[in-house]
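Coordinate inspection notes
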Amino acid sequence: MERLGRIDRGVKQGNLAVLRETDMPSALVEMVFISNPEEEALLKRDSFLDKGAKALAEAIADYMEEYVNDR
């Protein structure tokens, strides 16, 4: 979130259908909210989308390296 200049709202847990109805490990990532006009505008910028995708990919790779590969 720091790379995107957004507020880190932390990790939350919930009984969400999008997560509950899957047969595999899953996570829901919400980097911005379309209900916020400022953040909605960010979603129209290719540079923001690219930066967000790269940050998420790097976070997943870091997780895999730190937690999964060490097992």
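Our structure is the block above this text.
These notes cover the structure that comes with them. (Residues numbered from 1 in each chain as written. Predicted model: local features only at pLDDT ≥ 70, side-chain atom pairs only at ≥ 80, totals over all residues. Heavy atoms only, no water.)

**Quick notes on the overall build of the protein chain**
- In terms of helices and strands, the protein chain carries three helices and zero strands.
- Starting at the N terminus, the α and β elements of the protein chain follow one another as α-α-α.
- The C-alpha radius of gyration of the protein chain comes to 14 Å, more than 25% above the 11 Å expected for a compact globule of 71 residues.
- Referenced to the eigenvectors of the C-alpha coordinate spread, the extents of the protein chain come out at roughly 40 × 25 × 20 Å.
- Excluding contacts between residues fewer than 6 apart, the proportion of contacts in the protein chain whose partners are at least 24 apart in sequence is 50%. (Helix = DSSP H or I, 4+ residues; strand = E, 2+ residues; numbered from the N terminus. Rg over C-alpha atoms; globule rule 2.2 N^0.38 Å. Contact = heavy atoms within 4.5 Å.)

**Here we look at the environment of Leu 4**
- Tracing the sequence through the fold places Leu 4 in the segment before α1 (17-20).
- Counting along the chain gives ten residues from Leu 4 to Gly 14, while the straight-line C-alpha distance between them is 25 Å.
- If we skip the residues at most four places from it in the chain, Leu 4 touches Met 31, Phe 48, Lys 51 and Gly 52.

**Focus on the side chain of Glu 39**
- Following the sequence through the fold, Glu 39 ends up in helix α2 (residues 37-42).
- In this structure Glu 39 comes out as buried when scored by relative accessible area, which is 3%. (Buried < 20%, exposed > 50% of the residue type's maximum accessible area, 1.4 Å probe, protein only.)

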